[in-house]
Amino acid sequence: MIANSPGVSIRASRRASTRTLRLLAVACVGAAMTSPLQAQQISRFESGVVIGGDWLQANELPLDRDALQSGQVTISLRRRRWAVEASWLRVARTLSTIQGGAISVGPLLHLGPVLLLPAISGFGGRAQASRDSTGYDFVGAGGVIGHQPRYSYSSAGAAGGGVGLTVEAPLYRIIGIRAVASQWFFSGAPLEGDRQRFLVGAGLSLRVGR
């Protein structure tokens with residue numbers, strides 16, 4: 001009779017549900033505690049040699065000329081707490097191009113399986129620019145004022161420096177995805193009056209060695 005009592009059945013059902021919820025909570029906590037450890041052991045790109053490629057034109061679209069857009073190809077040596085990176089960098093704007101080699105160094109900061117790579121960089125290469133130096137204004141039909149551009153072209157060696165941040169996360173096994181932002185300052189006569197470049201983009205990483 002007691003086993004068939006509705007009140008006892010409800011209490012027993014509640015106790016079973018409570019036990020089930022507790023088991024689920026323990027399982028979730030256990031998974032949350034072990035998953036980051038597994039990610040750290042398997043997925044982090046914190047050591048070894050990592051090759052990367054980034055598209056860096058995101059904040060300067062459209063590019064009003066038929067040319068290869070901004071980007072970089074990198075090779076990075078990482079040792080858990082720090083990284084040294086060599087790269088080929090190209091910065092394309094409508095009227096200028098800067099490209100050459102860069103060296104970066106910085107710490108590796110961990111956020112779960114995600115890596116934060118702040119870095120300071122040095123650059124050496126070449127700058128090219130076109131300027132509307134001899135253009136002229138004119139008055140057309142109906143009194144409409146127009147401008148006829150005439151561009152002069154210059155090219156010279158350039159050096160520079162910058163700071164940047166890369167956020168990198170594992171995607172699949174030895175492949176990672178990354179977002180990049182950096183601020184650069186360049187020398188060189190072609191860039192007179194226009195020496196700053198801010199780059200934003202995204203790319204992929206490939207771990208090729210430990």
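Residues numbered from 1 in each chain as written. Predicted model: local features only at pLDDT ≥ 70, side-chain atom pairs only at ≥ 80, totals over all residues. Heavy atoms only, no water.

### Digging into the overall build of the protein
Rules: Numbering of helices and strands runs from the N terminus, with a helix taken as a DSSP run of H or I at least four residues long and a strand as a DSSP run of E at least two residues long. We call a residue buried when its accessible area falls under 20% of the maximum for its residue type, exposed when it is over 50%, and partly exposed in between, using a 1.4 Å probe and counting protein chains only. Note on contacts: a residue pair is in contact if any heavy atoms of the two residues lie within 4.5 Å.
Within the protein, the regular secondary structure consists of 1 helix and 11 strands. With 210 residues in all, the protein has 29% of them scored as buried. Within the protein, contacts between residues separated by at least 24 positions form 57% of all contacts whose residues are at least 6 apart in sequence.

### Here's the deal with the confidence of the model for the protein
Inclusion rule: A residue's pLDDT is simply how confident the predictor is in it, with values from 0 to 100.
Mean pLDDT for the protein: 83, with 79% of residues reaching 70 or above. Contacts from residues 1–18, a stretch scored under 50 in pLDDT, to residues over four places away or in other chains number 2 contacts. Low confidence marks residues 23–43, where pLDDT is under 50. Its contacts with residues over four positions away, or in another chain, come to 8 contacts.

### Some words on the packing of aromatic side chains
Going by this rule: Pairs were defined over the aromatic rings of Phe, Tyr and Trp, the Trp ring being its six-membered one, requiring ring centres within 6.5 Å. Orientation was assigned from the angle between planes: stacked under 30 degrees, edge-to-face over 60, tilted for the rest.
All told, the structure shown has 3 aromatic pairs when counted by the stated rule. Judged by centre distance (6.3 Å) and plane angle (75°), the ring pair of F123 and W184 falls under edge-to-face. Here the residue F123 occupies a position in strand β6 (residues 114–132), and W184 occupies one in strand β10 (residues 175–186), the gap between them amounting to 61 residues. Residue class for F123 comes out buried when judged on its relative accessible area of 8%.

### Some words on the pattern of salt bridges
Rule in force here: By definition here, a salt bridge exists when the distance from a side-chain nitrogen of Lys or Arg to a carboxyl oxygen of Asp or Glu is within 4 Å.
Here the structure, examined in full by the defined rule, presents 6 salt bridges. Between R80 and E46 there is a salt bridge whose closest N-O contact spans 2.6 Å. Of this pair, R80 sits in the loop between β2 (71–79) and β3 (82–93) while E46 sits in the loop between α1 (6–42) and β1 (47–55), and the two are 34 residues apart along the sequence. Linking D194 and R197 is a salt bridge whose minimum nitrogen-to-oxygen distance equals 3.3 Å.

### Focus: the nonpolar core
Rule in force here: To define a nonpolar core, start from buried Ala, Val, Leu, Ile, Met, Phe, Trp, Tyr and Cys residues and group those joined through side-chain atoms within 4.5 Å.
In this structure, L89, V91, I98, F123, W184, F186 and L199 are the most contacted members of the largest nonpolar core, which totals 13 residues. Per-element accounting of this core gives the leading share, 3 residues, to β10. With near-sequence residues (within four places) excluded, W184 lies in contact with L89, A102, S121, G122, F123, G161, G162, R195, Q196, R197 and L199.

### Describing the pairing of β10
Short version of the rule: The rule for pairing is simple: two strands pair if DSSP sees at least two bridges between them.
Where burial is concerned, the two faces of β10 differ: the one with G176, R178, V180, S182, W184 and F186 is buried and the one with I175, I177, A179, A181, Q183 and F185 is not. Relative to β10, strand β9 (residues 151–172) is paired through 12 bridges, and the arrangement is antiparallel. The residue bridging E168 from the neighbouring strand is R178, located in β10. What sits between β9 and β10 in their antiparallel hairpin is a turn of 2 residues, with R173 showing a positive phi close to 55°. Across 11 bridges, the pairing between β10 and strand β11 (residues 196–209) is antiparallel.

### Some thoughts on unusual backbone geometry
In this model, L61 is joined to P62 through a cis peptide bond whose omega is -5°. Residue position: P62 is located in the loop between β1 and β2. In this structure, R80 is a non-glycine residue whose phi angle is positive, near 65°. The phi dihedral of R173 falls on the positive side, at around 55°, and the residue is not glycine. Structurally, R173 can be placed in the loop between β9 and β10.

### Re the environment of T166
Tracing the backbone through its elements, the reader meets T166 in strand β9. When the C-alpha atoms of T166 and L116 are compared, they prove to be 5.9 Å apart, with 50 residues separating the residues in sequence.

### Focus: the side chain of E85
What counts is decided by this rule: By the counting scheme adopted, Arg and Lys are positive, Glu and Asp are negative, and His together with the chain ends is not counted.
Position of E85 relative to the elements: it lies in strand β3. In this structure E85 is buried but unpaired, with R178 as the nearest side chain of opposite charge at 4.2 Å.

### Details of the environment of P170
When you line up the elements, P170 lands in strand β9. By relative accessible area, which is 27% here, P170 ends up partly exposed.

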